[in-house]
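Structural overview
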Amino acid sequence: MAFTCKSAFEYLNRAHENGRLAHAYLISGPRGSGKRELASDLCALVTGAALTDVFTTQPAGVYLAEPESKSRRIVIKQVRALEHALQMRASDGQRKVAIIAEADRLQPEAANAFLKTLEEPPKDSLLLLLTSMPEVLPDTILSRCSALPLVAEEREELSEQERELVELLGTISKPGATGVQQPYRLARGFHRLLGQLREAIQEENESARKREELRYKETTDGAWLNEREDYFKALSESQYLRQRSRLIETLFLWWSDILRANTGFARRDLPSAIQQTQMLGQKLSTAEILRRLRRLEELRDHLGRNIQEALAIEVAFLSIFTLDFTAVSD
């Protein structure tokens, strides 16, 4: 059973009133499904704190771990800090809440450490794991959490470039799509989409800058106009990076759907590509799919550290999209 954010909170509120809250919940769902909103609402419910976004301001009794290191992973040091905080007695007698955001980014050592907390949760504690990819988590963690799968109340529409990327990805499921030529073609197509995004953003912001210049050039000095030019350049770069992140996220949705097809999960984030992802999920082994997801995480991390974009994408695509269907599915 899948919930909307609203119906999930109503379900949890009833459980809280009846004293039947579980000790740990796995809150999963696609982008826009309200995972963080639900976690914030639940924190306010069980701690008695004022309703707030606990991911920007943690109230007393709420402890958060999310990817922070250069590798964008959750490391064992963060899990140890959570465990220590949960062992402390709450001053007001309320429950303590530990949140693992993007739990699929737990390093193996951190996941093993947190497993012990799940097995022996501290008194008056509530553990929340949030993820868009529950399939990546170890079965030992999944089995010790009550699942709360969320669906977006309104599915977010893909952009024109995101739809084109999904169509481009579909070509790797066609006969004869093995070998190194396919990843190079995909990399070229991805670069083309990025180029379209950058050009459209720059044109829109340049038009806005020129309109400002015409409006104010007679009433202000040149220094202010130069500052505005710098502002629009920075705005263009920020918007481009945000749109590039959405395309990278689409790659994650694609491979996550392949993993779900491989492991028997019914949910799909890209229903228009279900035939292609289903076929790849049947042909590739679970280990091969997870390896590609990890390589995709590395690409996201490299781009976040400003490693040369074109080279990072080409090298990553060669690893991610060079397919060998001789591997036997797990």
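Parameters at a glance
- Residues numbered from 1 in each chain as written.
- Predicted model: local features only at pLDDT ≥ 70, side-chain atom pairs only at ≥ 80, totals over all residues.
- Heavy atoms only, no water.
- Axes fitted to C-alpha atoms, helices over the stretch in contact; angles between N-to-C directions.
- Helix = DSSP H or I, 4+ residues; strand = E, 2+ residues; numbered from the N terminus.
- Left-handed = near helix turned anticlockwise from the far one by under 90°.
- Contact = heavy atoms within 4.5 Å.
- Nonpolar A, V, L, I, M, F, W, Y, C, P; charged D, E, K, R; others polar.
- Phe/Tyr/Trp six-rings, centres within 6.5 Å; stacked < 30°, edge-to-face > 60°.
- Lys NZ or Arg CZ within 6 Å of the ring centre and 35° of its normal.
- Salt bridge = Lys/Arg side-chain N within 4 Å of Asp/Glu carboxyl O.
- Buried < 20%, exposed > 50% of the residue type's maximum accessible area, 1.4 Å probe, protein only.

**Some thoughts on the packing of helix α7 (residues 181–216) against helix α11 (residues 309–320)**
Where α7 contacts α11, the two axes come as close as 9 Å, and the packing angle between them is 145 degrees. Considering the relative orientation of α7 and α11, their crossing is right-handed. In this structure, α7 contributes Pro183, Tyr184, Leu186, Ala187, Phe190, His191 and Leu194 to the contact, and α11 contributes Glu309, Ala310, Ile313, Glu314, Phe317 and Leu318. A class-by-class count of the residues in the contact of α7 with α11 yields ten nonpolar, one polar and two charged.

**Here's the deal with the packing of aromatic side chains**
Under the defined criterion, the tally for this structure stands at five aromatic pairs. Both rings, one in Phe3 and one in Tyr11, keep their centres 5.3 Å apart while their planes meet at 40 degrees; by these two values the pair is tilted. Aromatic rings pair up to connect Phe190, Trp255, Phe317 and Phe321 into one cluster. Cation over ring: Arg36 sits above Phe55, and NZ or CZ is 4.4 Å from the ring centre. The ring of Tyr240 carries the charged tip of Arg198 above its face, separated from the ring centre by 3.7 Å.

**Some details on the pattern of salt bridges**
If the charged atoms of two oppositely charged side chains come close together, the side chains can form a pair. Overall, the coordinates contain 21 salt bridges when judged by the stated rule. Arg267 is the partner of Asp269 in a salt bridge, and the nearest nitrogen-oxygen pair spans 3.0 Å. Judged by relative accessible area, which is 23%, Arg267 ranks as partly exposed. The network of salt bridges with shared partners includes Glu135, Asp257, Arg260, Arg267 and Asp269.

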